[in-house]
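# Overview (structure and organization)
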Amino acid sequence: MGVALDDVKRFVRAVLLSSDKGVLLRDFRKDYVKLVGQQLPYVQLGFANCEEMLKAMPDAVTIVRTEPYGELKLYGRGDGMSYMTSAAKKAQQPREEEEIVAGTQLEVAGIVCMVADKTTVCKYIDV
């Protein structure tokens, strides 16, 4: 029996949405095994590694680098069928247009971001 990408995506969401502060990539595979009871089947799905598979799931996963050369942090994206805390739901709501100036701190998906300029966020700071 083959592995279905949609099933894996559902499990990935469950792992990531269980943490409102995100999950470091290095901890994700261990957390996946704890929840699902089996290894992440990225090879069976045709991916070279876990990160490549997660990047192919932008509708389920948001990937953020913690600092310019820092670790990758993963955040789950709800799909309407997933249970989400009120904080996670609020973080996914579209924001009103607002003027963004250098030095402004914004909260995006529960992460406080320091804006370098109108298009670049230079540093992520855990709340």
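Residues numbered from 1 in each chain as written. Predicted model: local features only at pLDDT ≥ 70, side-chain atom pairs only at ≥ 80, totals over all residues. Heavy atoms only, no water.

### A closer look at the overall build of the chain
Across its full length, the chain carries four helices and six strands. Along its sequence from the N terminus, the chain presents helices and strands in the succession α-β-α-α-β-β-α-β-β-β. Sorting the 127 residues of the chain into buried and exposed places 29% on the buried side. Contacts in the chain between residues at least 24 apart in sequence constitute 40% of all its contacts with a sequence separation of at least 6. (Helix = DSSP H or I, 4+ residues; strand = E, 2+ residues; numbered from the N terminus. Buried < 20%, exposed > 50% of the residue type's maximum accessible area, 1.4 Å probe, protein only. Contact = heavy atoms within 4.5 Å.)

### With respect to the sheet that holds strand β1 (residues 23-24)
Across the sheet, three strands lie side by side as β1-β3-β2; this open sheet has antiparallel pairing. On the outer flanks of this sheet lie β1 and β2 (61-65), each paired with one strand and no other. Judged from the two bridges that link them, β1 and strand β3 (residues 72-76) form a sheet pairing that is antiparallel. Counterpart to leucine 24 in the pairing with β3 is lysine 73. Against the sheet, helix α1 (residues 5-17) engages β1, β2 and β3, with an angle of about 105 degrees to β3. (Pairing = 2+ DSSP bridges. Axes fitted to C-alpha atoms, helices over the stretch in contact; angles between N-to-C directions.)

### Considerations on the side chain of lysine 9
Along the chain, lysine 9 turns up in helix α1. Sequence-distant contacts of lysine 9, defined by excluding residues within four places in its chain, comprise Met57, Asp59 and Ala60.

### Here we look at the nonpolar core
If you look at the biggest cluster of nonpolar residues, it comprises 20 residues, and the most contacted ones within it are Val12, Phe28, Leu40, Met53 and Leu54. Secondary structure elements with two or more residues in this core: α1, α2 (25-36), α3 (50-55) and β3. Top contributing element to this core by residue count: α1, with four residues. Among all residues touching methionine 53, those that are not within four sequence positions of it are Val8, Val12, Leu40, Tyr42, Leu45 and Phe47. (Core = buried A, V, L, I, M, F, W, Y, C linked by side-chain atoms within 4.5 Å.)

### Brief notes about the pattern of salt bridges
If you walk through the whole model with that rule in mind, you get seven salt bridges. The partner of aspartate 7 in a salt bridge is arginine 10, with the nearest N and O atoms 3.3 Å apart. Highlighted residues: aspartate 7 and arginine 10, both in helix α1, separated by three residues, approximately one helical turn. When its relative accessible area of 36% is taken as the criterion, aspartate 7 is described as partly exposed. Lysine 30 serves as the salt-bridge partner of aspartate 27, at 3.9 Å between the closest nitrogen and oxygen. Placement of both aspartate 27 and lysine 30 in helix α2 is noted, with a separation of three residues, approximately one turn of the helix. Residue aspartate 27 is classed as partly exposed on the basis of its relative accessible area, which comes to 22%. Linked by salt bridges that have partners in common, Arg26, Asp27, Lys30 and Glu71 make up one network. (Salt bridge = Lys/Arg side-chain N within 4 Å of Asp/Glu carboxyl O.)

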